[in-house]
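Residues per chain are reported as follows:
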Amino acid sequence: MCGSFCTYRKVFDAMKQVSSIHTVVPIFSDSAVRVDSRFGTASEHWHKATEICGNEPLCTIAQVEPIGPKKLFDALIISRAGTPFTAAVSLSFPVLTLIQTIGFTLGMGAGSFISRSIGSDDKPSAYRAASTAFYTAAALSFLLCTLGFLLADPLMRLLGADEALLTSAVSYTRFVLASGPLLCMNLVLSSLLRGQGQTMSNLYAFSLGALVSVSLDLLLVSHLGLGVLGAGVAML
């Protein structure tokens, strides 16, 4: 939370929704910690966030710096979007994590094997490992995502979506699942490239993908106001 005090009411409403199904740790900027305004005092905001989340806000560099290196959080929410959008996106993270796990597992294993095979001048084995990992990831992710797409409604209920969030959560998660096989195969290819020492090609590809994704999110969510639908299309 920063110095946009006029948005705090909506932020606290979103906190209540998200904290009902997830552990939430608020992060306060220096302005949020020190500045009082006509929307309330800094102390009031601090205590309200603590009461809602059950965790005191983080507010110093020493507190927030370890978040990335130590992977303390599953997600960071920095958004002007409404509560249904935020919660719907959060509910899809377990699904996305499962898809990524398949890609990382097969890709890293094959990448390591390929590195050793190339080092021992055994290229046929490297070729077999690469094709096996790629097609296995494609098949597993396709089966998983197809099943998840068909059962998205009960899956979101299982993950904690209530009636108010169900439609948005199912909609966004189906976009995630539709893009799942491509994402999984991309992760495998990335590991295979690293296994062959082609790190720069990997960097360029991921950088381009990130730029396209961010641009589409800004266009579809912020400018066109498509909300969950826009975020889903950008993800796909």
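In the block above lies the structure referred to throughout.
About the thresholds
Chains are numbered independently. Their residues run from 1 in the order of the written sequence. Residue-level local features of this predicted model are given only where pLDDT is at least 70; pairs of side-chain atoms are given and counted only at 80 or more, and the full residue set underlies all totals for whole chains, interfaces and linings. Water and hydrogen atoms play no part in the side-chain values, which are based on all heavy atoms of the structure. To qualify as a helix, a DSSP run of H or I must reach at least 4 residues; to qualify as a strand, a run of E must reach at least 2; elements of each kind are numbered from the N terminus. Working rule for contacts: check all heavy atoms of both residues, and any pair within 4.5 Å makes them a contact. Here the Shrake-Rupley method, with its probe set to 1.4 Å, supplies the accessible areas, and only the displayed protein chains count as covering residues. In this charge count, Lys and Arg are treated as positive and Asp and Glu as negative; neither His nor the chain ends contribute. One atom stands in for each charge, and that atom is NZ of Lys, CZ of Arg, CG of Asp or CD of Glu. Only the six-membered ring of Trp is used, alongside the rings of Phe and Tyr, when aromatic pairs are assigned; centres must lie within 6.5 Å, and planes under 30 degrees apart are stacked while those over 60 apart are edge-to-face, with the rest tilted. Partly exposed describes any residue whose relative accessible area lies between the buried limit of under 20% and the exposed limit of over 50%, with all areas from a 1.4 Å probe on protein chains only and scaled to the type maximum. Under this scheme, a helix contributes an axis fitted over its contacting stretch, all axes are lines through C-alpha atoms, and angles between N-to-C directions fall in the 0 to 180 degree range. Any angle between 65 and 115 degrees counts as roughly perpendicular, while under 35 counts as roughly parallel, over 145 as roughly antiparallel, and the rest as oblique. Crossing handedness: left-handed means the near helix sits turned counterclockwise from the far one by under a right angle, and right-handed means the same turn made clockwise. Expected span, for any helix, means 1.5 Å times one less than how many residues it has. What counts as a salt bridge is simple: a side-chain nitrogen of Lys or Arg found within 4 Å of a carboxyl oxygen of Asp or Glu. As used in this structure description, the phrase polar contact means that two N or O atoms lie within 3.5 Å; if the pair is within protein, one of them must be able to donate a hydrogen and the other to accept it, and residues adjacent in sequence are counted only when both atoms belong to side chains. At every residue, the bend is computed as the angle between two fitted axes, covering the seven residues ending there and the seven beginning there respectively.

Asks: What am I meant to see in the overall build of the protein chain here?
Replies: Helix and strand content of the protein chain: eleven helices and zero strands. Listing each helix as α and each strand as β along the protein chain from the N terminus yields α-α-α-α-α-α-α-α-α-α-α. Taking the principal axes of the C-alpha coordinates as reference, the protein chain spans close to 70 × 40 × 30 Å. Long-range pairs, those at least 24 residues apart, make up 68% of the contacts in the protein chain between residues at least 6 apart in sequence. As displayed, the protein chain has an accessible area near 13,900 Å², and 63% of this comes from carbon and sulfur atoms. In the protein chain, the 15 positive side-chain charges and the 14 negative ones have mean positions that sit 5 Å from each other.

Asks: Looking at this model, I keep getting lost on the packing of aromatic side chains. Mind explaining?
Replies: To describe a pair of aromatic rings, you give the distance between the ring centres and the angle between the ring planes. Under the criterion given, the structure shown has three aromatic pairs. With a centroid separation of 6.1 Å and an interplanar angle of 80°, the aromatic rings of Tyr8 and Phe12 are classed as edge-to-face. One end of the pair, Tyr8, and the other, Phe12, are both in helix α1 (residues 8–19), four residues apart, so they sit about a helical turn from each other. Each of the two residues, Tyr8 as well as Phe12, counts as buried. Between Phe28 and Trp46 the ring centres are 5.8 Å apart and the planes differ by 85°, which places this aromatic pair in the edge-to-face class.

Asks: Help me out: how do you make sense of the packing of helix α7 (residues 123–150) against helix α9 (residues 163–195) in this one?
Replies: For any two helices packed against each other, the geometry comes down to the angle between their axes and how far apart the axes lie. Their axes nearest at 8 Å, the elements α7 and α9 cross at an angle of 165°. Overall, the two elements α7 and α9 adopt an arrangement that is roughly antiparallel. Crossing handedness for the pair α7 and α9: right-handed. In this structure, α7 contributes Ala130, Ala133, Phe134, Ala137, Ala138, Ser141, Phe142, Cys145, Gly148, Phe149 and Leu150 to the contact, and α9 contributes Arg174, Leu177, Gly180, Pro181, Cys184, Met185, Val188, Leu189 and Leu192.

Asks: Please explain α7 as it appears in this structure.
Replies: Three- or four-residue spacings in an α-helix give side chains the same orientation, since the helix completes a turn every 3.6 residues. Here α7 spans 41 Å end to end across 28 residues, near enough to the 40 Å set by a 1.5 Å rise per residue. Ser125, Ala126, Ala129, Ala133, Ala137, Ala138, Ser141, Cys145 and Gly148 are the residues of α7 that are buried. Looking at the packing, one finds that the buried side of α7 touches α6 (93–119), α8 (152–158) and α9.

Asks: Just checking my understanding: could you explain the pattern of salt bridges for this structure?
Replies: Where side chains of opposite charge bring their charged atoms close, a pairing between them can arise. The final tally for this structure, using the stated rule, is two salt bridges. Of the charged contacts in the structure, one is a salt bridge between Asp30 and Arg34, with a shortest N-O distance of 2.6 Å. Of the two residues, Asp30 and Arg34 both sit in helix α2 (residues 30–34), four residues apart, roughly one turn of that helix. Assessed through its relative accessible area of 49%, Asp30 is described here as partly exposed. A salt bridge links Arg157 to Asp153; the shortest N-O distance between them is 2.8 Å. Taken together, the positions of Arg157 and Asp153, both in helix α8 and four residues apart, correspond to about one turn of that helix. For Arg157, a relative accessible area of 41% corresponds to the partly exposed category. Asp153 sits in the partly exposed class, given a relative accessible area of 30%.

Asks: Would you mind going over the side chain of Thr173 with me for this structure?
Replies: Along the chain, Thr173 falls in helix α9. Engagement of the side chain of Thr173 in a polar contact is seen with the backbone oxygen of Ala169, the distance being 2.7 Å. Filtering out sequence-adjacent residues up to four positions away, Thr173 remains in contact with Ser92, Val95 and Met156.

Asks: Please clarify how α9 should be interpreted in this entry.
Replies: Along its 33 residues, α9 runs 46 Å from first to last C-alpha, staying within 8% of the 48 Å computed at 1.5 Å per residue. At Gly180, α9 shows its largest bend, some 45°, and a proline, Pro181, comes one to four positions later. One or two residues past the end of α9 sits Gly197, with phi positive at roughly 85°.

Distances and angles like these do not, on their own, reveal function.
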